[in-house]
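Summary of the model geometry
Listed here are the chains, written in short residue letters.
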Amino acid sequence: MKFSNTLRGYQRQWLPADITAGLIVTILLIPQSIAYALLAGLPPVAGLYASLLPLVVYAFLGTSPTLAIGPVAIVSLMTLDALLPFAAAGTAEFAAHATVLAGLTGIWLLVFFAVGLGSWTSFMSHSVISGFTSAAAIVIIINQLKYFTGIDIPHGGGSWFPIAYTLEHWHEAVPMALMMSVASILVLIFWQGYVPKIMSRWKMSAIILPFVTKSGPLIIVVVGILLTQVADLPISTVGDIPAGLPSLQIPSLSDVDWRSLITPAFVIALIAYLENISIAGAMAMQQSHRISPNQELLALGVANLSAAISQAYPISGSFGRSMVNMSAGARSQVAGLVTLISVIFVCLFASHLFVTLPHAVLAAINTIAVWSLIRWQDGWRAWRFQYSDGLIWLLTFMGVLIWGAETGIVIGIGISLILYLRRTSKPHVVEIGRLGDSERLRSIERHQVETSPELLIVRIDENLYFANSQYLENYIYDRISPKSSVKHVIIVGSAINYIDFCGFESLERILEQLRGQGIQLHFAEFKGPVMDQLGKTNLLTQLQPGQIFMTASDALRTLGHL
């Protein structure tokens, strides 16, 4: 454990850029935190609370200088899915479960930190993550229908329930809500796509320019609030947001079924970390900055615990806000502390300004924020490259849409493991021979090589373990039976990095089977760690008079075939 390297060695000349970036991120964070809290089924103030203590924790423990932490769309959706079976959204009981969920998420992340999970960041395939986030983004957009249409759609009922309910109750739609949400979306699209190009033609201060180009959400929030106040529009609004800061307290477990939240918290912790580390890693490559994966687990775990004691809910790193933070010139987590001060000011003195903020505006902000997460091209490219990766993407995507976020991610991981075992259970095993007059050996299926009827050379391009050891045995036996003149079999293990006990037993059976037929078994190009494993057994002694060769060429030379 160590404190953040983004604050140590801070230079005074970074301060103006950090202040600017922190204020710009605040422009995005305030409406997003309210919108994400509503998405999670919580009161708006929970989103603001989730933007306080976690920012402090990450500033001192995190390793990314520009990662913006706080409430995010995917985790908010997963929070809603996890808690609906236990309480009605918007109730005090629901909020109590949310704080416990944040605490359990933090505990799981600290468990991951303790076991060093940070070094295993590639264990979940990109196809699973992309399929999950793409489907989750669609579910989030579908969940905005209640605000787009003004129809009071109840929570629950599955991912497609809001669509069915809207079609059934279309006559209850509020035209003004639909008009405001569509107009807000169009303004945000215009602001993101065209305002930066327009502003680049003007001679504008480097400090003012980022505020203008990133202020789209603020513009529609202000206009929405003013229209609601002046015109008394018949649309739903955020309502009262209590002023002040959260009281710090450990969540009570007495009235919460916390044991049933352990599994959802595990899944949320996993997704939150993968989202966090992928964002931090992507920015690190652009900044030539090193990220410590395991330290990120610690920072995110403690940040979620801080969210739990401050009446918030699970949090993670935000892709959109992090990109804005970096592009605005942030140099360290001082920018995050500036954002924290700004949010504190809003909580203390300005929360009443958002009382008449229309839900339709927040729905537009949510929709635009997650739209970029829908990546059809990832699934298509994966399918074209290798159908199994495309299948993983598709099944994860469909699993989230049909059964929900938690089930979908489990399906994706499960299918990945099944396909991995299936693929490695039939490894690439090939017979090789001498290429011309050289000492190089190549596959007999791809090259014109010289072989000897007395010699069988087999190379296995995979670790030898329980799922594929029988496959190697069958391969060798099948090629010996039609070659009764074979006197030597050489197994080339240049690609074997690991042999488990089943693999060792297979080598024993191959040795016994060949010896029974008067054939000598030899090993070539086995790596040191693998030989160390085999050295713990009596296999190498039993192998004699078979030999162990450094290279396959040495084997050919020694056996008189080179």
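Here's a quick rundown of the structure. (Residues numbered from 1 in each chain as written. Predicted model: local features only at pLDDT ≥ 70, side-chain atom pairs only at ≥ 80, totals over all residues. Heavy atoms only, no water.)

To continue, consider the overall build of the protein chain. Counting secondary structure elements, the protein chain contains 25 helices and eight strands. Taking the principal axes of the C-alpha coordinates as reference, the protein chain spans close to 95 × 60 × 55 Å. Considering the protein chain as a whole, with its 562 residues, one finds that 52% of them fall into the buried category. Put simply, 81% of the contacts in the protein chain that link residues at least 6 apart link residues at least 24 apart. Approximately 25,600 Å² of the protein chain is accessible, and the part contributed by carbon and sulfur atoms is 62%. Of the side chains in the protein chain, 31 bear a positive and 32 a negative charge, and the two mean positions are spaced by 11 Å. (Helix = DSSP H or I, 4+ residues; strand = E, 2+ residues; numbered from the N terminus. Buried < 20%, exposed > 50% of the residue type's maximum accessible area, 1.4 Å probe, protein only. Contact = heavy atoms within 4.5 Å. Areas by Shrake-Rupley, 256 points an atom, 1.4 Å probe, with all protein chains shown as cover. Lys, Arg positive; Asp, Glu negative; His and termini not counted. Charge placed at Lys NZ, Arg CZ, Asp CG, Glu CD.)

For the rest of this paragraph, the subject is unusual backbone geometry. Cis geometry is adopted by the peptide bond preceding Pro545, which originates at Gln544 and carries an omega value of 10°. You can see Pro545 is positioned in the loop between α24 (539-543) and β8 (548-549). With phi around 60°, Glu525 is a residue other than glycine that occupies positive phi space. Turning to its location among the elements, Glu525 is positioned in the loop between β7 (520-524) and α23 (528-535).

Within helix α18 (residues 376-385) the residues assigned to the buried category are Asp378, Gly379 and Ala382. For α18, the arc enclosing every buried residue in end-on projection is 95°, short of the 170-degree limit, so these residues lie on one face. Of the exposed residues in α18, the ones pointing more than 90 degrees away from its buried face are Trp376, Trp380, Arg381 and Arg384. Close packing links the buried residues of α18 with α6 (126-143) and α19 (387-403). (Arc of directions from axis to C-beta.)

Counting buried positions along strand β3 (residues 429-434) yields six of six residues, so the element is predominantly enclosed. Note: β3 against strand β5 (residues 455-460), three bridges, orientation antiparallel. In the sheet register, Val430 faces β5, and the bridge partner there is Arg459. What sits between β3 and strand β4 (residues 441-443) in their antiparallel hairpin is a turn of six residues, with Gly436 showing a positive phi close to 60°. (Pairing = 2+ DSSP bridges.)

This part covers the packing of α19 against helix α20 (residues 405-425). Two numbers describe how α19 lies on α20: the axes approach to 7 Å, and their chain directions differ by 160°. In terms of orientation, α19 lies roughly antiparallel with respect to α20. Seen along the crossing, α19 lies across α20 with a hand that is right-handed. Two secondary-structure elements touch here, α19 through Tyr387, Ser388, Ile392, Leu395, Thr396, Gly399, Val400 and Trp403 and α20 through Ala405, Thr407, Gly408, Ile409, Ile411, Gly412, Ile415, Ser416, Leu419, Arg422 and Arg423. (Axes fitted to C-alpha atoms, helices over the stretch in contact; angles between N-to-C directions. Parallel < 35°, antiparallel > 145°, perpendicular 65-115°, else oblique. Left-handed = near helix turned anticlockwise from the far one by under 90°.)

All told, the structure shown has five salt bridges when counted by the stated rule. In this structure, Lys487 and Glu454 form a salt bridge, with 3.8 Å as the shortest nitrogen-oxygen distance. Remark: Glu454 occurs in the loop between β4 and β5 and Lys487 occurs in the loop between α21 (469-480) and β6 (488-492); sequence separation between them is 33 residues. Residue class for Lys487 comes out partly exposed when judged on its relative accessible area of 45%. (Salt bridge = Lys/Arg side-chain N within 4 Å of Asp/Glu carboxyl O.)

As for its position among the elements, Gly62 is in the loop between α3 (53-61) and β1 (68-70). On the basis of relative accessible area, Gly62 is assigned to the buried category, the value being 0%. For the pair Gly62 and Glu296, spaced 234 residues apart in sequence, the C-alpha separation works out to 5.7 Å.

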